[in-house]
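# Structure assessment
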Amino acid sequence: AAWHVLYLNGGTHATVAARARRLIDTYNANATADASKAPDAPVADPGPVELFAPVIAAYTHNDGRVTRRERALTYQYIFVRATTAQIRALCAIHRALVPVMNPDNTHTYAVVADTAMDAFRRIAAAMRNSLPLYDIRDLALEEGDLVEIAEGPFAGLRGIYIPRRASTTGNIVIRATEGLGA
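In short, a report on the structure. It should be emphasised that the depicted structure is a prediction, and the values quoted were computed from it without experimental measurement. Going along each chain's sequence as written, the residues are numbered from 1 onward. With the structure being a predicted model, the display of local features is reserved for residues of pLDDT at least 70 and the display and counting of side-chain atom pairs for 80 or more, all residues being used for whole-chain, interface and lining totals. By convention in this description, side-chain values take in all heavy atoms of the structure and omit both hydrogens and water.

Backbone geometry at tyrosine 75 places phi at a positive 55 degrees, although glycine is not the residue there. The helix and strand labels rest on DSSP assignments: H or I over at least four residues marks a helix, E over at least two residues marks a strand, and numbering proceeds from the N terminus. Following the sequence through the fold, tyrosine 75 ends up in the loop between strand E4 (65-72) and strand E5 (77-82).

Okay, helix H2 (residues 84-93) next. Each residue is assigned to one of three classes by its accessible area relative to the maximum for its type, calculated with a 1.4 Å probe on protein chains only: buried under 20%, partly exposed between the two thresholds, exposed over 50%. All buried positions along H2 are accounted for by Gln86, Ile87, Leu90 and Cys91. Considered in projection along H2, the buried side chains sweep an arc of 125 degrees and stay on one side of the axis. What points out from H2, more than 90 degrees from its buried face, is the exposed set Ala85, Arg88 and Ile93. Summarising the geometry, the arc corresponds to the directions from the helix axis toward the C-beta atoms.

Once that is clear, we can look at the pattern of salt bridges. A carboxyl oxygen of Asp or Glu within 4 Å of a side-chain nitrogen of Lys or Arg is what we treat as a salt bridge. Using the criterion set out here, one finds three salt bridges in the structure. Residue arginine 21 is joined to aspartate 25 by a salt bridge in which the shortest nitrogen-to-oxygen separation is 3.1 Å. A residue pair is termed a helical-turn pair when its members lie 3 or 4 positions apart in one helix, as arginine 21 and aspartate 25 do in helix H1 (residues 16-37) at four residues. Accessibility expressed as a relative area gives 35% for arginine 21, which makes it partly exposed. A salt bridge links aspartate 114 to arginine 81, with the nearest nitrogen and oxygen atoms 2.9 Å apart. Residue aspartate 114 is found in helix H3 (residues 114-126), and its partner arginine 81 is found in strand E5; the two are separated by 33 residues along the sequence. You can call aspartate 114 partly exposed: its relative accessible area is 35%.

Now the structure itself:
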């Protein structure tokens, strides 16, 4: 088994994790039921598939109340630990799930190394699989603070915060080579 990257069609960023959990739970329940019907099957049971779909928790302040809103950290992408055969069966049953292919034209599914996923999962687990995302208005950023952009076309890029005078907003200066491996 390996950690496969799947794309979940449909839904919103707020519903991806819950929807993926329902699909995986249904698949596992059906696979368990099918295995119990054929106990003499010659193929070893690979066990249930495992889902990892962490969320970002954004907090907003409205009229003195704090509201928490969750959405998928990796947008419509989820990670599923399974065999290739399980991934094919899962995607055949649930057409909303599409395996991401390797970009190297080998026609194989994209997988993430166990060590990388273990590190990612440890970080998420420390935050109860709900990584915090703060609105810039809720932070006391100072000039020169290192920030990471969480949404929009520059999501994932890091830069230096430069405040605007007499304003609650600012600019983020990003190196032109950020994220390009330069």
